[in-house]
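Listed below are the residues making up each chain.
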Amino acid sequence: MRFSIVHPVTTAAVVALLHTANPVLAACGFDKVALITDPGFSITINSDYKVLEDTTAKVKYGLYCDDTQPSDVAGIDRWFKVPVESVGLRIPMASGFLEALGHSDKLIAAESPGNLTNICLDTSKIQTLEPASTTSNNSNVDVIFSADEGSDSNISVRLPSNDALTPLQKAEWIKFVAAFFNEEKTADSLFSGIADAYNCHWGNLQHLKDAPHAYWVQYTDSATPSYSIIDSAYQKDLLAGAGATNDTRAALKDSSDQSAFQDAVKDADFVFDQTELHNKGQRATEWYSNFGYKNPKNSGVAFLTSRDIWRTDGYTNKAGVSNFAEFGYVRPDLVLQDIISVLEPKYDSDYSRHWLLWLGGTNEITTVISPDNYDCAKPWISTVDKCSARTDFTGDSDSDNSNGDAGNSDGDSGSGSGRAGKIAGGVIGAAVFVALVIVALHYYNRHRRNVRIQALAQAEYGTEGIDLRDTRRFS
């Protein structure tokens, strides 16, 4: 009988075998995920490195996991060994992405630690980054996320800071950040849930019989104050997703023309504002003053008489810094539901808003982020509730809005494209109908009185010899 000798298999041999059998997964185990919104970046997977390309800034980042940086790859602007262990940030959105991915513990430096609103962070232990420059000494962190791809030399990575992207495009950058932790699959799963919920709510609000009319506005204080109707992709997509119309009757040719601005927005049922306001506790008064509304209650403009002016800074840290820029951009599905809850409160009467502040209220009621409303062990930023598609919701046009009557609009704003014009038309029509009924009853009663007088007169005196001036005693 012949026996074969079995040699022990070493770990090195297994690794070599795996590398031969599956070169893509052998070195680092990178996961390939698809992008669904054209967010402005791409991810390319290779055997021992991956390339993140910021197609807007035209910067390529090489990410590798071996001890040695690949040397034969052309076109890479900056290399990073992943997963990174320490993160700095100059843009709040990065903190939200880290929290959603479960990597807030990697955040060790920030431009303004006191402005971070995530209560799961110990901001006392977060270092303050040096001022941004290509020569700044922030080498104690592996990567710094900022709004500028070159602010911190070779460790700087850009995230989108403006609103040129739609809410879902902006949120999909979570996959970009996740790539630095090799967590693309986690990010892909979370984003898929967010996108499904966002698109579901969007679809559910496209069957309104009487769509509300809304604008997103901003006042800029400068040597020459300016007034803007914001039409960036981010804001327009949210309003459209909530079923609102927001076409202005006239374009603002001169942003410094206050009267033209007032005329352009006076057909609005709701206004969402992102002006930088300073007088806490008196921000409504400040807002009216900024935009030149001296007697809003009696203006005849729907959103002013109903006080439907809203902002996104209703959820803050103890210092009053808004959480929206940190968490809101990560969860567009919740931002959309916030707006829906204002425009169409009957859509989901059990929903509790996260960020929106009713500026028109008598009190500026904000919510301070705390363990009572944010659980670090089970954070809502990474928990997505499912949405059920429906076609039966047609709106709240027959009911009052969430904060009182809409009010009537004056002049030609009554013929605006939103709910205000239709309500005003209905009120006027009802008033005319009631007036006609009163007039008809008046003449009917006069006719009956005269007939009765004539009949009584004939019965007592005959048909002749009676002066109608004497007939008052028969009435």
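Because the structure is predicted, anything quoted here is derived from the model rather than measured.

K.L.:
Tell me about the overall build of the protein, residues and numbers included.
P.N.:
For the protein, the count of helices and strands is 13 helices and 16 strands. Here the protein holds 475 residues, and 46% of them are scored as buried. Considering only contacts within the protein whose residues lie at least 6 apart along the sequence, 64% involve residues at least 24 apart. Only carbon and sulfur atoms are counted for the fraction: they give 50% of the accessible area of the protein, which is about 24200 Å².

K.L.:
Go over the sheet that holds strand β11 (residues 226–229), please, and point to the residues and values.
P.N.:
Read from one edge to the other, the open sheet built from five strands follows the order β11-β10-β12-β13-β15, with strand pairing classed as mixed. Two strands bound the open sheet, and with one partner strand each, they are β11 and β15 (357–358). Examined bridge by bridge, strand β10 (residues 214–220) and strand β12 (residues 270–273) share four bridges and lie parallel to one another. By the bridge assignment, Tyr 215 is partnered in β12 with Val 271.

K.L.:
Please set out the packing of helix α6 (residues 184–204) against helix α7 (residues 233–241) residue by residue, giving values where relevant.
P.N.:
Orientation of α6 relative to α7, taken along the N-to-C sense of each, is 55 degrees, at an axis distance of 8 Å. On the basis of the axis angle, α6 is oblique to α7. Here Tyr 198, His 201 and Trp 202 of α6 come into contact with α7, specifically with Asp 237, Leu 238, Ala 240 and Gly 241. For the contact of α6 with α7, the residue count by class is four nonpolar, two polar and one charged.

K.L.:
Tell me what's going on with the pattern of salt bridges, and back it up with residues and numbers.
P.N.:
Evaluation of the coordinates by the stated rule reveals 15 salt bridges. For Glu 172, the salt bridge identified is with Lys 175, shortest N-O distance 2.8 Å. Look at Glu 172 and you get buried, because its relative accessible area is 0%. For Lys 175, a relative accessible area of 1% translates into the label buried. Two residues, Asp 313 and Arg 283, come together in a salt bridge whose shortest N-O distance is 3.2 Å.

K.L.:
Lay out unusual backbone geometry in plain terms, naming residues and giving numbers.
P.N.:
In this structure, Pro 83 follows Val 82 across a cis peptide bond, with omega equal to 0 degrees. Following the sequence through the fold, Pro 83 ends up in the loop between β4 (78–81) and β5 (87–89). One non-glycine residue, Ser 153, adopts positive backbone phi at about 55 degrees. Along the chain, Ser 153 falls in the loop between β8 (143–146) and β9 (156–158). Residue Ser 153 is classed as partly exposed on the basis of its relative accessible area, which comes to 31%.

K.L.:
Could you give an account of the state of the cysteines, naming the residues involved and the relevant values?
P.N.:
Note: disulfide means a covalent bond formed between the sulfur atoms of two cysteine side chains. Applying the stated criterion across every chain, the model contains two disulfides. Across a sulfur-sulfur distance of 2.0 Å, Cys 120 and Cys 376 are joined as a disulfide pair. Taking the sign of the S-S torsion, -105 degrees for the link of Cys 120 and Cys 376, the bridge is left-handed. In this pair, Cys 120 is assigned in the loop between β6 (107–110) and β7 (127–128) and Cys 376 in the loop between β16 (367–368) and α13 (419–461), connecting sequence segments 256 residues apart. A sulfur-sulfur distance of 2.1 Å marks the disulfide that ties Cys 200 to Cys 387. Every disulfide takes its handedness from the sign of the S-S torsion; for Cys 200 and Cys 387 that torsion is -70 degrees, giving left-handed. In this pair, Cys 200 is assigned in helix α6 and Cys 387 in the loop between β16 and α13, connecting sequence segments 187 residues apart. Residue classification places Cys 200 among the buried residues on the basis of a relative accessible area of 13%.

K.L.:
Tell me about the confidence of the model for the protein, residues and numbers included.
P.N.:
For the protein, the mean per-residue pLDDT works out to 83, and 76% of the residues sit at or above 70. Here residues 1–26 is modelled with pLDDT under 50, and outside its nearest four sequence neighbours on either side it reaches nine contacts, counting other chains as well. Segment residues 404–417: pLDDT under 50, and 44 contacts once partners within four positions in sequence are set aside and those in other chains are kept.

K.L.:
I'd love a proper account of α7, names of residues and values included.
P.N.:
Within the span of α7, buried status applies to Tyr 234, Gln 235, Asp 237, Leu 238, Leu 239 and Gly 241. Each element contacted by the buried residues of α7 is listed here: α4 (167–171), α6, β10, β12, α11 (324–328) and α12 (332–343). Positive phi appears at Gly 243, one or two residues downstream of α7, with a value of about 85 degrees.

K.L.:
Please provide a residue-by-residue account of the packing of α6 against α12, values included.
P.N.:
Viewed as axis vectors pointing N to C, α6 and α12 meet at an angle of 25 degrees, and their least axial separation amounts to 8 Å. Between α6 and α12, the crossing angle belongs to the class labelled roughly parallel. Note on packing geometry: the crossing formed by α6 with α12 is left-handed. Residues Ile 194, Ala 197, Tyr 198, His 201 and Trp 202 of α6 touch α12, and the partners they reach there are Pro 332, Asp 333, Leu 336, Gln 337 and Ile 340. Its residues assigned to classes, the contact of α6 with α12 shows seven nonpolar, two polar and one charged.

How each quantity is defined
- Residues numbered from 1 in each chain as written.
- Predicted model: local features only at pLDDT ≥ 70, side-chain atom pairs only at ≥ 80, totals over all residues.
- Heavy atoms only, no water.
- Helix = DSSP H or I, 4+ residues; strand = E, 2+ residues; numbered from the N terminus.
- Buried < 20%, exposed > 50% of the residue type's maximum accessible area, 1.4 Å probe, protein only.
- Contact = heavy atoms within 4.5 Å.
- Areas by Shrake-Rupley, 256 points an atom, 1.4 Å probe, with all protein chains shown as cover.
- Pairing = 2+ DSSP bridges.
- Axes fitted to C-alpha atoms, helices over the stretch in contact; angles between N-to-C directions.
- Parallel < 35°, antiparallel > 145°, perpendicular 65-115°, else oblique.
- Nonpolar A, V, L, I, M, F, W, Y, C, P; charged D, E, K, R; others polar.
- Salt bridge = Lys/Arg side-chain N within 4 Å of Asp/Glu carboxyl O.
- Disulfide = S-S within 2.5 Å.
- pLDDT = per-residue confidence, 0-100.
- Left-handed = near helix turned anticlockwise from the far one by under 90°.

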